[in-house]
Amino acid sequence: MPVKPSAGNGNGGQEYQGGNTLLTYIIGGIIAWGLIGWGLDYLLNTRWLFIVGAVLGAGGGYYLARKHNLTRSARRRHGDGRGNNN
């Protein structure tokens, strides 16, 4: 069920929620892929795979956020208010 903004609040609540979700995707990707890189560093006796995993995780989190349309402005996601949904 979509969240309805309260009167006078505009669309700020939904934009705030989208920003939190974007941040969660990026931090989650860094943590998950950083741990995978750390495990591979331990198994392969290297020291650089942790950094590679963290960078790939940040990129992957941003990619997922783009796929879920979290990085677009509200005007582009929901139209410009005049019936145009470009």
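Up top you'll find the structure we're talking about.
Residues numbered from 1 in each chain as written. Predicted model: local features only at pLDDT ≥ 70, side-chain atom pairs only at ≥ 80, totals over all residues. Heavy atoms only, no water.

J.: I tried to follow the overall build of the protein chain on my own but got confused; where do I start?
T.: Across its full length, the protein chain holds three helices and zero strands. Going from the N terminus to the C terminus, the protein chain shows its helices and strands as α-α-α. The buried share of the protein chain, taken over its 86 residues, is 16%. Within the protein chain, contacts between residues separated by at least 24 positions form 53% of all contacts whose residues are at least 6 apart in sequence. Carbon and sulfur atoms make up 61% of the accessible area of the protein chain, which amounts to about 6,800 Å² in all. (Helix = DSSP H or I, 4+ residues; strand = E, 2+ residues; numbered from the N terminus. Buried < 20%, exposed > 50% of the residue type's maximum accessible area, 1.4 Å probe, protein only. Contact = heavy atoms within 4.5 Å. Areas by Shrake-Rupley, 256 points an atom, 1.4 Å probe, with all protein chains shown as cover.)

J.: Is there a simple way to explain the environment of glycine 59 in this structure?
T.: Its location among the elements puts glycine 59 in helix H2 (residues 49–67). In this structure the C-alpha to C-alpha distance between glycine 59 and tyrosine 25, which are 34 residues apart in sequence, comes to 9.8 Å.

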